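# Architecture and fold: a report
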Amino acid sequence: MHKPRLQLQASFDIARLQFLDKQGQATQPLPDFATPEWLTYCLRQMQLARLVDDRAVKLQRTGRLGTYPSTLGQEAIGVATGNALMAEDIYCPYYRETGAFLERGVLIEEILANWGGDERGQNFQHAPRDLPICVPIATQMLHAAGVAFALKYRHQQSNQPLQVAVASSGEGATSKGDFYEAMNLAGVWKLPMVFVVNNNQWAISVPRNAQTATQTIAQKAIAAGIPALQVDGNDIVAVAWAVRDAMQRARSGDGPALIEALSYRLCDHTTADDASRYRSAEELEQAWQWEPIKRLDTYLRAQDLWSDAKQQDMERELAQIMESALNNWESRTPEPATAIFDHLYAQLPAAFYEQYDQLRDEQVGAERE
Amino acid sequence: MKVFKLPDLGEGLPDAVIREWHVQEGDSVSADQTLVTVETAKALVEVPSPFSGRVEKRYAAEGETLETGQPLIGFAGDDLVSAPADEAADEKPPTDSGTVVGKIEQGSEALAVEQRPASSRPRNATPAIRALARRLGVDLENLHPAGARFTEAEVRAAARGETIPRWTEKAAISNEVATKSRKAEEKLGAETSPSGVSPARRAMAIAMSRARDQVCPMTLFDEVDISDWPKGSSTTLRLLKAIARAAAEEPNLNAHFDNEALEPKTPVNVGLAVDAPRGLFVPVLQDVGAQSEEDLLDRIARFKQQASEGAIPQKDLQGATIHLSNFGSLAGRFATPVVVPPLVCIVGAGRAHKAVLPHKGKARVRKLLPLSITADHRAVTGGELARFLKALKEHLQ
Amino acid sequence: MSEQAQTEQELKPITLVEAVTQALAYALKNDPEVVVFGQDIGANGGVFRATDGLQKTFGADRVLDTPLAETMIAGIAVGMATQGLRPVAEFQFMGFIYPGLDHILSHAARMRNRTRGRLSCPIVYRAPYGGGIHAPEHHSESTEALFAHIPGLRVVVPSSPARAYGLLLAAIADPDPVLFLEPKRIYRAAKQPVPDNGEALPLDAAFVLREGTDLTLIAWGASVRETLAAAEQLASEGIEAEVIDPATLKPLDIHSIIDSLEKTRRCVVVHEAARFAGLGAEIAAQIQEYAFDLLDAPVQRVTGYDTVMPYYQLENTYLPGVERILAGARAALGYSREGER
């Protein structure tokens, strides 16, 4: 049976962006914002993120912290993204976010509090309008769409400058309905938002090729009619460029975009996971070769912008920051049990006074003993 | 001195063997520096220092086994950066934690063998009906519902002292019978229901009404020459054995008829009619063909005893495949005994008597046992009944 | 509702659904942070006309037609609310709310607690609910008990035009999320003058719709209509029933119910929702906890059966009507510990 003639309606391209290759060499001129100061700042922030993660994992192993999701090997994505937002923009994280949180002014002790079982960690002192850590996968993307709508609404109704919402997720989240619904709405309502997907190749134990049939994650944006770009996620300059560019366009009213940042999850899914059960040591060892901190470090040293002495200085400085944060976290007084009622509603309804009183009495009794 | 105890290295492991110390007493160590390598049941584990400080004392030697929670190492007082940890572990999880978040407790509690849930017996009343019965003072334990479950009407009727048989009002026990049985009960001091009728009689009324409504009875009468029985033979026993053998030849008489389907049964379980002060009981002798004569006699005696006390266990009243009524032990020659569904046959034996009959060409006095066998003609043909009778006679002589 | 009719001092009586429209219009007019959205609510004015005319008056920036995606509707409301807007999101029928349950339960009801008050969700999720309109499958749901179980959420059900207006205004003004269930069977059943004065009715408070001393009847939503009819029937027999509509199902105003029981000592709870773990169970549990000694009869529940809501041919056998309510009432009135009267 012969094939009938068809008329092409639409086609798409997905491009990938890279500035620094796996060996830390520039493959094209760096953008203007990638000054030596900015680059060394990023190196510092990535190392701080890695240090925070490392200590947090050790705290979990010593029973002082609950389950913790590290960003080992993915630090460039968080730092570059968080860095690209302006203060008034809104960040809508998932849960693997150390670098981005630090850029947004979330305190190390707030991060530790969250994973240490204390909701006060979500009460970000310095990022008052950012959304909290979001555990149900991809739901933050719909929240981000709502945030973006609010930002656009404010801009329309009261002439405030248009701010942008950034939603962050892993690649597993792109299998969820919330992701598609959020992109779809963002596209048709032209919302000022950017989707940043950290494709670290693993969703717990499910590898990227078992997650979806698409060749790239980025092309899922085509289904929603929004632009997309794939970047080398371990190249901090590329991630930074892509996010800034997308945010700029959103800020000008051009609507949303999706960025797929390719990296590799060098750590377990969380401290309660053991990735050696499902992936090979060889693959992991290989992936270490193109991790982001080493890459930037190599580049900077080649440009004479970094040295062993500078590295040691910085390590000392970061260690102090870490110790100070640990102290702050450990010296927090635990919340009283009645805290579970304090923010249930704006004002606790009378229907729950009895339970509250009962809990409070139990607590007072326990304290006396 | 701050003492650091051997932490739980995962999965509630009870102890570990010290394999190699990496620090000496007097050494200054920094936080996370490896102190010692220990071996657990599952793996070699490196234990990092929980804080920076000076080692003052090592509590166990290489090769020694240390229990989880026992002191491992002591640090000199002041240069501690953070509070002592309760546990420590190496950089990667030594074993499968079996979860993806948090921590699942590994307990060692041993559970006993599972019991079956308490309420596995079938219930014949819903909670609402039970509540109603309780309020009205009706004891459902001694009553039988007409259907699968007690209805509200039945409970209220019981409270008023009535019985409500399912299909007709005529089967309600007549006042005369009720009065008579009540007097008999009072004489014997027996327990009766509020109406004065024993449960056994009420059950009989209900069962016989059902029988009358459903069964199409046909009865064959005959007499068997039992002159050659050894002295002291038990009529009941011989009847039981003969029934078993006759049923083997005509299985359709040892059957259930239900929903228009005839289902021959094995083995032959004979329901034996036993007359008692409280009424008619029909205990079941299981598999009469296989039982020894002594066992059968024993069992019959026991049933009669239990019947007179009014206490035959429920399980012994179930499972009959054919009935036997030896009414002749009292009086009567022929009868039209009643088939009770789902059974299809009842053998009635009247009182043995002597008669003069031709026997081998001469007039002789012979002893005769009258038989009256009723079968349900919905299920059994006349021919099947006749052949059963013939076989029964053969096995009785 | 136009200003004109009111200034004429003669309020045109309106239906429950019109009262919803009136309240939404008032809120949109007086609070620039209010945004109304859902499927078909803009140009079409909503499939029940609950948002009729609003887009024309307030513009497509504030009254929006969304794409077809209930999870999205529930989720964007969360995001909007965290930034200080007051979204009023519509699910076209309660039967289609379930894809949004994740965002209602996991986020809207928790955001304040999760962030220790830093962010919160002043959202109203609206949905027509309940059976009795001869609709196809899934259009007659009454699963308010599922939502009442969620900590941090309010569940509100009006039963008259005036209460629809006042309670919806209260819900919109409330700083916390409210599930506002509109009993569609009585959307247009009765009319009532409702002044468009922006006066909110109190949340968390029950309404005594009829006073009595012999029996307490508790009902909400469309069941209130049949319950009041049953009360009239009882009155003709000399029995005065007190009828209470909790209106806010969660948090529940149990005090008003107990006050009533101090007079009557017997009560019946009526709901069309299925029996097992329906809110009648919660009410009965609280009554026996706090008022066991007051009771002269067990709490009766007159409810939908524990079956799937049938297709409409059997709908009226499923829904508790006046006869079943009366039977429940008689069971309560006729109960005595020693035996039956």
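Cut-offs used in this document
Residues numbered from 1 in each chain as written. Chains lettered and ligands numbered in written order. Predicted model: local features only at pLDDT ≥ 70, side-chain atom pairs only at ≥ 80, totals over all residues. Helix = DSSP H or I, 4+ residues; strand = E, 2+ residues; numbered from the N terminus. Rg over C-alpha atoms; globule rule 2.2 N^0.38 Å. Buried ≥ 20, exposed ≤ 12 C-beta atoms within 10 Å, placed from the backbone. Contact = placed C-beta atoms within 7 Å. Domains from an automatic or database assignment. Axes fitted to C-alpha atoms, helices over the stretch in contact; angles between N-to-C directions. Parallel < 35°, antiparallel > 145°, perpendicular 65-115°, else oblique. Nonpolar A, V, L, I, M, F, W, Y, C, P; charged D, E, K, R; others polar. pLDDT = per-residue confidence, 0-100. Pairing = 2+ DSSP bridges.

## Some remarks on the overall build of chain C
Scanning chain C for helices and strands turns up 13 helices and 12 strands. Against the 2.2 N^0.38 benchmark of 20 Å for 341 residues, chain C shows a C-alpha radius of gyration of 20 Å, consistent with a compact globule. Taken along its principal axes, the extent of the C-alpha atoms in chain C is 65 × 50 × 40 Å. Within the span of chain C, comprising 341 residues, buried residues form 55% of the whole. Sequence-distant contacts in chain C: of pairs separated by 6 or more residues, those separated by 24 or more amount to 78%.

## Description of the domain arrangement of chain C
Residue and element names in this part refer to chain C. Structurally, chain C comprises domain 1 (3-186) and domain 2 (207-334). Here domain 1 and domain 2 have C-alpha centroids that lie 27 Å from each other. Between domain 1 and domain 2, the residue contacts involve 26 residues of the former and 22 residues of the latter. Mapped onto the side of domain 1 that touches domain 2, the elements with two or more residues apiece are helix H7 (144-148), strand S5 (154-156), helix H8 (161-173) and strand S6 (178-183).

## What about the packing of helix H4 (residues 70-82) of chain C against helix H5 (residues 101-108) of chain C?
All names here are of chain C. Taken N-terminus to C-terminus, the directions of H4 and H5 make an angle of 25°; their axes are 7 Å apart at the nearest point. Looking at the two axes, H4 sits roughly parallel to H5. Contact residues: Thr71, Ala74, Gly75, Ala77 and Val78 in H4; Asp102, His103, Ile104, His107 and Ala108 in H5. Broken down by class, the residue content of the contact of H4 with H5 amounts to five nonpolar, four polar and one charged.

## What about the confidence of the model for chain C?
Per-residue confidence for chain C gives a mean pLDDT of 95; residues scoring 70 or more make up 96%. Scored by ipTM, the complex comes to 0.92, with pTM at 0.72.

## Observations regarding unusual backbone geometry
What is expected of a backbone is that most residues other than glycine have negative phi and most peptide bonds are trans. Residues B:Thr266 and B:Pro267 are joined by a peptide bond in cis, for which omega reads -5°. C:Lys250 connects to C:Pro251 through a cis peptide bond whose omega is 0°. If you trace the backbone, C:Pro251 turns up in the loop between strand S10 (248-250) and helix H10 (254-264). Despite not being glycine, C:Asp40 shows a phi value in the positive range, around 65°. Tracing the chain through its elements places C:Asp40 in the loop between strand S1 (34-38) and helix H3 (54-58). Accessibility expressed as a C-beta count within 10 Å gives 16 for C:Asp40, which makes it partly exposed.

## Let's talk about the interface of chain C and chain A
Interface size, as often reported, equals the accessible area lost upon joining of the parts. Each side of the interface is counted separately: chain C has 35 residues, and chain A has 38 residues. Listed by contribution, the elements that provide at least two residues to the side of chain C that touches chain A are H4, H5 and helix H6 (111-114) of chain C. Among the elements that line the side of chain C that touches chain A, the one with the most residues is H4(C), at nine residues. For the side of chain C that touches chain A, a count of residues per class yields 14 nonpolar, 13 polar and eight charged.

## Comments concerning the sheet that holds strand S8 (residues 215-219) of chain C
Residues and elements named next belong to chain C. Ordered by their spatial adjacency, five strands build an open sheet running S7-S9-S8-S11-S12, and the pairing between neighbours is mixed. A single partner strand is all that each edge strand has here, and the edge strands are strand S7 (207-210) and strand S12 (300-304). Pairwise comparison of adjacent strand axes, ignoring direction, gives a mean angle of 25° for this sheet. In terms of strand pairing, S8 meets strand S9 (residues 241-245) through four bridges, oriented parallel. Within S9, the residue paired with Ile218 across the bridge is Ile244. Sitting on the sheet, helix H11 (residues 279-291) touches S8, strand S11 (267-274) and S12, and the angle it makes with S11 is about 155°.

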